[in-house]
Amino acid sequence: MPRTLVKDALAATAPRDSILLQGWVRTRRDAKAFSFVELNDGSSLKGMQVIVDATLPDYAAVARAHTGASVEVQGKLVASQGAGQQWEVVAGKFTVIGEADATYPLQKKGHTMEFLRGIAHLRPRSNLFGAVFRVRSRLAYAVHQFFQERGFVYVHTPIITASDCEGAGELFRVTTLDPAKPPRTEQGGVDYTQDFFAKQAYLTVSGQLEGETFACALSNIYTFGPTFRAENSHTSRHASEFWMIEPEMAFCDLSGDMALAEEFVKHLIRDARTHCAADLEFFAKFVDKDLLTRLDFVLERPFQRCSYTDAIGILTQSGRTWEHPVAWGDNLQSEHERFLAEEHFKCPVTLFDYPRTLKPFYMRVNDDGRTVRAMDLLVPGIGEIIGGSQREERLEVLRENLAQHHLSEQDYWWYLDLRRYGTVPHAGFGLGFERMLMFVTGVPNIRDVIPFARTPGSADF
RNA sequence: UGCCUGGUAGCUCAGUGGCAGAGCAGGUGACUGUUAAUCACUUGGUCGCUGGUUCGAUCCCAGCCCGGGCAGCCA
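Residues numbered from 1 in each chain as written. Chains lettered and ligands numbered in written order. Predicted model: local features only at pLDDT ≥ 70, side-chain atom pairs only at ≥ 80, totals over all residues. Heavy atoms only, no water.

**Student:** Give me the overall build of chain A: which residues, what numbers.
**Tutor:** For chain A, the count of helices and strands is 13 helices and 16 strands. Buried positions account for 50% of the 461 residues belonging to chain A. For chain A, long-range pairs separated by at least 24 residues make up 66% of all intrachain contacts whose partners lie at least 6 apart in sequence. Within the structure as shown, chain A displays about 22000 Å² of accessible surface, and the carbon and sulfur contribution to it stands at 52%. Of note, chain A has its 50 positive side-chain charges centred 7 Å away from the centre of its 59 negative side-chain charges. (Helix = DSSP H or I, 4+ residues; strand = E, 2+ residues; numbered from the N terminus. Buried < 20%, exposed > 50% of the residue type's maximum accessible area, 1.4 Å probe, protein only. Contact = heavy atoms within 4.5 Å. Areas by Shrake-Rupley, 256 points an atom, 1.4 Å probe, with all protein chains shown as cover. Lys, Arg positive; Asp, Glu negative; His and termini not counted. Charge placed at Lys NZ, Arg CZ, Asp CG, Glu CD.)

See below:
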């Protein structure tokens, strides 16, 4: 008999004389003449109630079916006599596949997120994490769906990169040299010409530059893959390894970029609302009471757009006293971004046209000469979820920018070639997949929306 | 990296310079349908580690280890 997933059994429209379910025991309630076993196989938040009658030859096995045990049930799917569920399974055969004794750490109630992080190998069996990772899977699918439906080409940009100059953040080194006694140059430094790639190599912090080369050939592309930052960040929204989505569009300016970002974020929210309804309701009940109203509010309203310069004006005229002073030319601090998204606009807001000095060399310089076509999408509760820009497509301006950032043209010869041969205006952005998941689920810590979090000092499992 | 905070039973936590506590989980029994079932009884402890003060330290002090939060950096 083929296995039926709990999700499908729960969606049945008629009773069935025989059904096979396999999964893990969530809880058991014993009465005198029978036991209720709640079986969950991860296919849905809700489990299937199984009734095992004490007269069954297999009934002795029920005593070994503690929370966490894996079991197999053959029986009948019938309308439930009880109130809490439409269907239940009356067992004809009940087998314990693998026992779980009293040391099984997951219980029916009262675990902290910190404790569950310590058992990352078991936490997907909990209601909350089962829901998080079903949503994660669904949204990954929705990412591809969104771009594929719009004719974007999925590009696999490299994970190992030899250019230490991608601009963003600290890099993890990739080497096969013996750290105890690396080969030395005559000057005494490490001789990386003898390393695996014959030069210094790192894990990527962004696929953008490589993505641009493909956009300047296939027009609209996107990447979706792991990204690595060696920053010593201890916050609820930073991880050393995370997944990023980076679309890049040829013949596109910043306003087209901002429009795509908004459409994309809304698509992901709408998809989760439609396809993960039960899981989102669970988050709304146990994680964030306002989750569904906030998601719906975001879907219904256009995102606000505000230039950096106007944002500075709003902040200085807010009457607030800021811990960090507000001044044109300085980075906006967390408290400023939070004020804009959570109190002033009270909805996602895209800030654009940042001071040139704050941003990387590849962003397109505006006619005023002092701002660049950059944009950040801020959402309430999380802050920056997207960062993007229109790229500098003019060769001479780009070379000037490289010089200003003290970067060598030799290192970027292929990037400059894009501007030498058939250059086009183009733009793109990066969306932090885990930050999007935090927003959609209401889960407040990035470590709880990634299966096995890597953060400074922690790479277990 | 800076500041703040925590570590007591398998889990969630209370507690005190003088015999270590509760709820849940586990065990035993009761219950004709439960829904985090309920009721009775019950097992379970290196109070993070090391050192110090003290007649006596889980409690006070110092160092260390581990976790968490905020800030910076960013997605």
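**Student:** Summarise the pairing of strand β5 (residues 87-98); cite the residues concerned and give the values.
**Tutor:** Strand direction decides the pairing type here: strand β3 (residues 48-53) and β5, joined by three bridges, are parallel. Its bridge partner being in β5, Q49 is matched across the sheet by E88. Sheet analysis places strand β4 (residues 70-79) next to β5, joined by 10 bridges and oriented antiparallel. From the neighbouring strand, E72 faces β5, where its bridge partner is T95. (Pairing = 2+ DSSP bridges.)

**Student:** Let's hear about the sheet that holds strand β16 (residues 426-432): which residues, and what values?
**Tutor:** If you trace the eight strands from one edge of the open sheet to the other, you get β6-β10-β11-β16-β15-β14-β13-β12, paired in mixed fashion. Each end of this open sheet is capped by a strand with a single partner; those strands are β6 (153-154) and β12 (304-307). Bridge analysis of strand β14 (residues 371-379) against strand β15 (residues 383-390) gives six bridges, and the strand direction is antiparallel. From the neighbouring strand, A374 faces β15, where its bridge partner is S389. Helix α6 (residues 254-275) contacts β11 (241-250), β12, β13 (349-355), β14, β15 and β16 of the sheet and is inclined by roughly 30° relative to β16. (Axes fitted to C-alpha atoms, helices over the stretch in contact; angles between N-to-C directions.)

**Student:** Explain a nonpolar patch on the surface residue by residue, including any values.
**Tutor:** Together, I159, I160, F196 and F197 give the surface a local cluster of nonpolar side chains, amounting to about 390 Å² of exposed area. As for its placement among the helices and strands, F197 is situated in the loop between β8 (173-174) and β9 (201-203). Take F197: its relative accessible area is 37%, and that puts it in the partly exposed class. (Patch = residues over 30% accessible without salt bridge, like charges linked within 9 Å, V, L, I, M, F, W, Y side chains within 5 Å. Salt bridge = Lys/Arg side-chain N within 4 Å of Asp/Glu carboxyl O.)

**Student:** Quick rundown of the pattern of salt bridges? Include the residues and the values.
**Tutor:** Applying the stated criterion across every chain, the model contains 24 salt bridges. Residues E212 and R391 are paired through a salt bridge, measuring 3.9 Å at the closest nitrogen-oxygen approach. Remark: R391 occurs in the loop between β15 and α11 (395-404) and E212 occurs in helix α5 (residues 208-218); sequence separation between them is 179 residues. By the burial criterion, E212 is buried, and R391 matches it. Residue K359 pairs with D376 through a salt bridge whose shortest N-O separation is 3.7 Å.

**Student:** I'd like a description of the layout of surface pockets, backed by residues and values.
**Tutor:** Estimated volume of the largest pocket: approximately 1400 Å³. For the largest pocket, the lining is made up of 50 residues, of which R229, H238, E384, G387 and R435 are closest to its centre. Of all the secondary structure elements, the ones that give two or more residues to the lining of the largest pocket are β11, α10 (334-344), β15, β16 and α13 (433-441). Broken down by element, the lining of the largest pocket gets its largest block of residues, six residues, from β15. For the second largest pocket, the calculated volume is near 860 Å³. Around the second largest pocket, the lining is made up of 38 residues, and of these R26, R125, S126, N127 and L128 lie nearest the centre. Counting residues per element, the ones that place at least two in the lining of the second largest pocket are β1 (16-30), β2 (34-40), β3, α3 (113-117), α4 (127-149) and α7 (277-286). Its residues assigned to classes, the lining of the second largest pocket shows 14 nonpolar, 15 polar and nine charged. (1 Å grid on protein atoms, 1.4 Å probe; cavity = no way out; pocket = protein on both sides within 12 Å on 5 of 7 lines; lining within 4 Å. Points joined across faces, edges and corners; volume = space filled by probe spheres on them. Nonpolar A, V, L, I, M, F, W, Y, C, P; charged D, E, K, R; others polar.)

**Student:** Run through the packing of aromatic side chains, naming residues and quoting values.
**Tutor:** Going through the model one piece at a time under the given rule, you end up with 23 aromatic pairs. Pairing Y308 with W328 gives two aromatic rings, centres 5.7 Å apart and planes at 80°, and the pair type is edge-to-face. Separated by 20 residues along the polypeptide, Y308 in helix α9 (residues 308-316) and W328 in the loop between α9 and α10 bring together distant segments of the chain. Assessed through its relative accessible area of 31%, W328 is described here as partly exposed. Pairwise contacts between aromatic rings join F146, F147, F152, Y154, Y222, F264 and F429 into one cluster. The ring of Y354 has K359 sitting right over it, with the charged end atom 4.3 Å from the ring centre. (Phe/Tyr/Trp six-rings, centres within 6.5 Å; stacked < 30°, edge-to-face > 60°. Lys NZ or Arg CZ within 6 Å of the ring centre and 35° of its normal.)

**Student:** Hey, could you go over α9 for me, with residue numbers and the actual values?
**Tutor:** All buried positions along α9 are accounted for by Y308, A311, I312, G313, I314 and L315. The elements touched by buried residues of α9 are β12, α10 and β13.

**Student:** Provide a residue-level description of the pairing of β13, including the pertinent values.
**Tutor:** Among the seven residues of β13, seven are classified as buried, and the element is accordingly described as predominantly covered. Where β12 meets β13, four bridges bridge the pair, whose relative direction is parallel. Following the sheet pairing, S307 is matched in β13 by F352. Of the strand pairs in this sheet, β13 and β14 are connected by six bridges, and their pairing is antiparallel. Bridging from a neighbouring strand, V349 pairs with L378 of β14.

**Student:** Quick rundown of the environment of F251? Include the residues and the values.
**Tutor:** Relative to the assigned elements, F251 resides in the loop between β11 and α6. Owing to a relative accessible area of 64%, F251 belongs among the exposed residues under this scheme. As for F251 and V372, which are separated by 121 residues in sequence, their C-alpha atoms are 18 Å apart. Residues in contact with F251, not counting those within four places in the same chain, are V424, P425 and H426.

**Student:** So, the packing of α11 against helix α12 (residues 413-420): which residues are in play, and what are the values?
**Tutor:** Running from N to C, α11 and α12 cross one another at 155°; their axes reach a closest spacing of 9 Å. It follows that α11 is roughly antiparallel to α12 by the angle criterion. Judged by residue contacts, L395, L398, R399 and L402 of α11 engage Y415, L416, R419 and R420 from α12. When the residues that make up the contact of α11 with α12 are grouped by side-chain class, the tally is five nonpolar, no polar and three charged. (Parallel < 35°, antiparallel > 145°, perpendicular 65-115°, else oblique.)

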